[in-house]
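Secondary and tertiary structure notes
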Amino acid sequence: MKKTLLVLALLLTNLSPSAAAPIYAYPVVGCETIYGKYHHDYPASDIKAELGCAFVAPIGGVIQDVSRKDRWSGKTNLGQHRGGRSISLIGDDGVRYYGSHLSKVMKGIKPGLRVEVGQKLGEIGTSGSARGIPRPHLHFGISYQTEPGDWEIRRGVVAPWRYLDAWKVGKDRSPAKAVAKAKAKAGR
Ligand SMILES: [Zn+2]
């Protein structure tokens, strides 16, 4: 009987609107981070962190692309290899999120996998073109959806700092409108 009541109480707690989980989460957990408003060449955020801090899902969604191998070479500097170890996620808001230069992709993270907001996807590192950079950072990109493997759009089309500012203090702010605008502007 006592057990039944406890289960019931837990169920009610989960159902109450005040206990609703946030839609968005700040994508780096476990260390101090710094990011600016500027990114070279295209809109994105380089979130300076520490080696091994967690890269977490900024929203629930489905994994699109995963790169577990660092194929970058300074000699060729190919665009599709610059991210090193990376993950892209199609969020429940229809927006694509991309994190790269990871040291590690967590076990089981693969295309098509459903993940929840705040779930650890990988660890911050210096893979790809961040090799040799003293302070590890997460390259974080927000974009509209394109076909898997399209590295050019996924690296970023909308500046993430406004959203990072909100998520950092627990506010849900969606980039969906800004992303739709960028998509229309690009004629996609
Ligand atoms: Zn970057």
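Residues numbered from 1 in each chain as written. Predicted model: local features only at pLDDT ≥ 70, side-chain atom pairs only at ≥ 80, totals over all residues.

The protein chain goes by Metalloendopeptidase in an unreviewed UniProt entry, where it is assigned to Actinobacteria bacterium BACL2 MAG-121220-bin52.

1. Section: the nonpolar core
Core analysis: the biggest nonpolar cluster contains 36 residues, and Val28, Phe55, Ile124 and Leu138 have the highest contact counts within it. Of all the elements in the fold, those that place two or more residues in this core are strand S3 (54-56), strand S4 (61-67), strand S5 (85-91), strand S6 (96-105), strand S8 (120-124), strand S9 (137-143) and helix H3 (161-168). Take this core: its biggest share by element is four residues, from S6. Look past the residues within four positions of Leu138 in its chain and what remains in contact with it is Pro27, Val28, Ile47, Ala49, Phe55, Gly99, His101 and Ile124. (Core = buried A, V, L, I, M, F, W, Y, C linked by C-beta atoms within 7 Å. Buried ≥ 20, exposed ≤ 12 C-beta atoms within 10 Å, placed from the backbone. Helix = DSSP H or I, 4+ residues; strand = E, 2+ residues; numbered from the N terminus. Contact = placed C-beta atoms within 7 Å.)

2. Some thoughts on the pairing of S8
Along S8, four of the five residues are buried, which leaves the element largely enclosed by surrounding structure. The pairing of S3 with S8 spans three bridges and is antiparallel. Bridging across to S8, Ala54 finds its partner in Glu123. (Pairing = 2+ DSSP bridges.)

3. Here's the deal with the pairing of S4
With six of its seven residues buried, S4 lies for the most part within the structure. As paired strands, S4 and S5 are joined by five bridges and run antiparallel to one another. Of the residues in S5, the one forming a bridge with Val66 is Ile87.

4. Description of unusual backbone geometry
Positive phi, close to 70 degrees, is recorded for Asp41, a residue that is not glycine. By secondary structure assignment, the location of Asp41 is in the loop between strand S1 (28-29) and strand S2 (45-48). A positive phi is found at Asn77, a non-glycine position, where the angle reads about 45 degrees. Along the chain, the position of Asn77 falls in the loop between S4 and S5.

5. So, the environment of Pro27
Relative to the helices and strands, Pro27 is located in the loop between helix H1 (2-15) and S1. A residue is classified by how many C-beta atoms lie within 10 Å of it, and Pro27, with 28 of them, is buried. Expressed as a C-alpha distance, the spacing of Pro27 and Val56, which sit 29 residues apart in the sequence, is 4.9 Å. Beyond its immediate sequence surroundings of up to four residues, Pro27 is in contact with Phe55, Val56, Pro58, Gly99, Leu138 and Phe140.

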